[in-house]
Amino acid sequence: MTRQAILILDFGSQYTQLIARRVRENKVFSKLIPYNTPAKELASLSPRGLILSGSPLSVVSKKGFYPDKAIFKLGVPILGICYGMQVIAEMLGGRVKHTKEREYGKTELFIDNNRDLFSNLPGNLTCWASHGDYVTKLPPGFQNLAHTPNAPIAAFGNKKLKIFGVQFHPEVTHTDKGTQILGNFLFKICGCLGRWTMQSFIRESIETIKKTVEKDKVVLGLSGGVDSSVAALLIHKAIGRRLRCVFIDNGLLRKDEPEQIKKVFRNTFHLNLGYVDRSKRFLKRLKGITDPEEKRKLIGDEFVKVFEEEAAKLKGVKFLGQGTLYPDVIESISPGGAPSSRIKSHHNVGGLPAHMKLKLIEPLRDLFKDEVRQIARELALPDTVIYRQPFPGPGLAIRIIGEVTPARLNLLREVDRRVIDEIRNANLYEQVWQSFAVLLPIKSVGVMGDERTYENVAALRCVTSFDGMTADWAKLPYEVLEKISHRIINEVKGVNRVVYDISSKPPATIEWE
């Protein structure tokens, strides 16, 4: 790690990834690290500073987790957020207690010292809190920096040691001046320069791939989306024709998608691309399967088997390239073993088999979707690829609730085509994060041509988002919803009812499975 970096010790908060985002928005590279990483290992990465994240745990209970105490002797600035602040207090001689008056949501923060962490900020601001414990006694040498109505010590600091803590969450958008507070830590306290850009990432990524692959070959699954496309181009720039891209038709794609992808990537990018139709194999394995986690893992397992078979046809292939993104990792597995909860297994992360013959190479694994799109623009990819709405690796299999069959796939393809057509016709395609249909495992009574019908129900799911980690349901114009519903019911035989999903993420996820 040659770049300036802020290491974030992950104690399992669902906000942890937002800390990483906010740091990167200041053009400083950030990396999530397990909370219990030895101090010597942290020191070997030469960080400019450490941030201790929040956590669903409590330092008051016996289940609390603590970092290596030697981190306080590394001589690098430290910022503790919520649980991270409480950990600092407990480990350095302060005291934390449980409070009956839990502080959750927006609250007023009153700044008692507007230097260093709160430099150039107003005397009070609105912040976002989420805690049931609070610091009641400062560690020796620390000063109280701010308070709230329910937390007398809402921020503290030791300027000499450059160790600070805040009880609230500056990383969430609900906190006024939260980005500036983090910026003060990065630039005024840690001395970062803010030079991490997508151009620098591209250069470093290409060099890393060269050193990793050496003279071997890589096989990569190209889906046609921006993630796999950017991964393919980065690897191609590093090793050229030693990259073999494989487009697998798993039978779970949208209407006409295989033909479109082959045309674009063979004619435009001139990549070493092979096409493999394995739809029958995937559908055979999915027969009778209704559990969403099992679907994802079966699909991931079959993907790897196909890749390994294709690699076996070529000499020197030792790596499997993937367009895995950071949100995939966060939702599938706890980064580095932190105590956060798994939400679901993405087929390219938690869905991969334990024993693989190929080594993984994932140049985008630490990036968010918007960062990947920035790289795509730097690489001059066409807008049709850059702004293509995310499509899940397991494809339509997780948009069919229940068993996946050829008949249900064909039905959903026709429904999906009309959803996308009308979203494009309304010039909304690039304004929403994702727009798609879900085929439900129920039927409903309807009336068509004065006759009773008993047919399928399709759910329309359209969301707005910045990075896919959180999302709001899209407030589409009624006339657009009406047009979509009208076309589906009148043009797709087998569907007589359309409903609209108005759930946000969280508590729901974007996909239904």
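Residues numbered from 1 in each chain as written. Predicted model: local features only at pLDDT ≥ 70, side-chain atom pairs only at ≥ 80, totals over all residues. Heavy atoms only, no water.

Right, let's get into the overall build of the protein chain. A count of helical and extended segments in the protein chain gives 14 helices and 18 strands. The C-alpha radius of gyration of the protein chain comes to 25 Å, within 12% of the 24 Å expected for a compact globule of 513 residues. A buried classification covers 58% of the 513 residues belonging to the protein chain. Across the protein chain, contacts joining residues at least 24 apart in sequence account for 74% of those joining residues at least 6 apart. Accessible surface computed for the protein chain: about 22,700 Å², of which carbon and sulfur atoms make up 49%. Placing the 76 positive and 56 negative side-chain charges of the protein chain at their respective mean positions leaves the two points 6 Å apart. (Helix = DSSP H or I, 4+ residues; strand = E, 2+ residues; numbered from the N terminus. Rg over C-alpha atoms; globule rule 2.2 N^0.38 Å. Buried < 20%, exposed > 50% of the residue type's maximum accessible area, 1.4 Å probe, protein only. Contact = heavy atoms within 4.5 Å. Areas by Shrake-Rupley, 256 points an atom, 1.4 Å probe, with all protein chains shown as cover. Lys, Arg positive; Asp, Glu negative; His and termini not counted. Charge placed at Lys NZ, Arg CZ, Asp CG, Glu CD.)

In this section: the nonpolar core. Formed by 86 residues in total, the largest nonpolar core has its most connected members in Val230, Leu234, Leu364 and Ile423. Take this core: its biggest share by element is 9 residues, from helix α6 (residues 226–239). Excluding its chain neighbours within four sequence positions, the residues that come into contact with Leu234 are Phe201, Ile202, Ser205, Ile206, Ile209, Pro363, Leu364 and Leu379. Counting 37 residues, the second largest nonpolar core, distinct from the first, contains Ile8, Ala20, Leu145 and Leu186. (Core = buried A, V, L, I, M, F, W, Y, C linked by side-chain atoms within 4.5 Å.)

Caution applies to low-pLDDT parts of the model: their predicted coordinates are not meant to be read in detail. Summarising the model, the protein chain shows a mean pLDDT of 88, and 94% of its residues fall at 70 or more. For the stretch residues 339–353, pLDDT sits under 50, and the model shows 66 contacts to residues farther than four places along the chain or on other chains. (pLDDT = per-residue confidence, 0-100.)

Glancing now at the pairing of strand β4 (residues 78–81). Here β4 shows no split at all, with Ile78 and Gly80 on one side and Leu79 and Ile81 on the other all buried. For strand β3 (residues 49–52) and β4, the ladder comprises 3 bridges, and the chain directions are parallel. From the neighbouring strand, Ile51 faces β4, where its bridge partner is Leu79. Where β4 meets strand β9 (residues 163–166), 4 bridges bridge the pair, whose relative direction is parallel. Residue Gly80 lies in a different strand from β9, and its bridge partner there is Gly165. (Pairing = 2+ DSSP bridges.)

One pass over the structure, following the stated rule, counts 9 aromatic pairs. When the ring of Phe11 is compared with that of Tyr83, the centres are 5.3 Å apart and the planes differ by 55 degrees; the resulting orientation is tilted. With Phe11 in the loop between β1 (5–10) and α1 (16–25) and Tyr83 in helix α3 (residues 83–91), the pair connects residues that are 72 residues apart, well separated along the chain. Look at Phe11 and you get buried, because its relative accessible area is 0%. Ring geometry for Tyr35 versus Phe65: centroids 4.9 Å apart, planes at 65 degrees, classification edge-to-face. Taken as a pair, Tyr35 in the loop between β2 (29–34) and α2 (39–44) and Phe65 in the loop between β3 and β4 lie far apart in primary sequence, 30 residues in all. Judged by relative accessible area, Tyr35 falls into the buried class, the value being 8%. (Phe/Tyr/Trp six-rings, centres within 6.5 Å; stacked < 30°, edge-to-face > 60°.)

Overall, parallel pairing links the 5 strands, which are arranged β12-β11-β10-β13-β14 in an open sheet. For this open sheet the edge positions go to β12 (273–277) and β14 (359–361), each flanked by a neighbour on one side alone. Between one strand axis and the next, the sheet turns by 35 degrees as a mean value, whatever way the strands run. Relative to β12, strand β11 (residues 243–249) runs parallel, the two sharing 5 bridges. What sits directly across from Phe247, in β12, is Tyr275. Against the sheet, α6 contacts β10 (217–221), β11, β13 (317–321) and β14, and its axis sits at roughly 165 degrees relative to β10. Sheet strands touched by helix α7 (residues 257–267): β11 and β12. Its angle to β12, the strand with the most contacts, is close to 165 degrees. (Axes fitted to C-alpha atoms, helices over the stretch in contact; angles between N-to-C directions.)

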